[in-house]
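A closer look at the structure
Take a look at the letters that make up each chain.
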Amino acid sequence: QVQLVESGGGLVQAGGSLGLSCAASGILFNAYIMGWYRQAPGKQRELVADITSGGRLNYADSVKGRFTISRDNAKKTVYLQMNSLKPDDTAVYYCNANLTNGLLTRNYWGQGTQVTVSS
């Protein structure tokens, strides 16, 4: 059974920092691109950042320079460090595991964790 379990959300003032973690089980972690997405009320879910097993990074323009994604393959965990938070960062943050190759496609989501940034 695949599980992605997020932790670390909460309430923070603008300009503050929060760290999110996502622990994966039931997947061959090294084979997956791990990502963080977010969904604000009334908006579509959007990519925040993702990271390949080899460490290639990808960030949304809105978070570049403020957020840092990382992963620990031995611990099967992906992290998102969020600094200089803004009210616009308020959303439910979801962990994602994606595997796409010529033979197989798998996509899994965590349950989400709320991040609220007050002004």
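Before going into details, it helps to say that this report is about the structure given with it. Keep in mind it's a predicted model, so treat the numbers as computed, not measured. (Residues numbered from 1 in each chain as written. Predicted model: local features only at pLDDT ≥ 70, side-chain atom pairs only at ≥ 80, totals over all residues. Heavy atoms only, no water.)

The backbone phi angle of Lys76 is positive, close to 55°, even though this residue is not glycine. As for its placement among the helices and strands, Lys76 is situated in the loop between β7 (67–72) and β8 (77–82). For Ser84, which is not glycine, the phi dihedral falls at a positive 50°. Relative to the helices and strands, Ser84 resides in the loop between β8 and β9 (91–100). Using a relative accessible area of 40% as the deciding quantity, one classes Ser84 as partly exposed. (Helix = DSSP H or I, 4+ residues; strand = E, 2+ residues; numbered from the N terminus. Buried < 20%, exposed > 50% of the residue type's maximum accessible area, 1.4 Å probe, protein only.)

Counting 31 residues, the largest nonpolar core has Met34, Trp36, Leu80, Met82 and Tyr93 as its most contacted members. Among the elements that make up this core, the one with the highest residue count is β9 (five residues). The contact partners of Met82, leaving out residues within four places of it in the chain, are Gly16, Ser17, Leu18, Leu20, Arg66, Phe67, Tyr93 and Val115. (Core = buried A, V, L, I, M, F, W, Y, C linked by side-chain atoms within 4.5 Å. Contact = heavy atoms within 4.5 Å.)

What follows covers the pairing of strand β11 (residues 113–118). Every second residue of β11 is oriented toward a common face, the buried set being Thr113, Val115 and Val117 and the non-buried set Gln114, Thr116 and Ser118. Relative to β11, strand β2 (residues 10–13) is paired through four bridges, and the arrangement is parallel. When the bridges of β11 are listed, Gln13 appears paired with Ser118. Bridge analysis of β9 against β11 gives three bridges, and the strand direction is antiparallel. The partner of Val92 across the bridge, within β11, is Gln114. (Pairing = 2+ DSSP bridges.)

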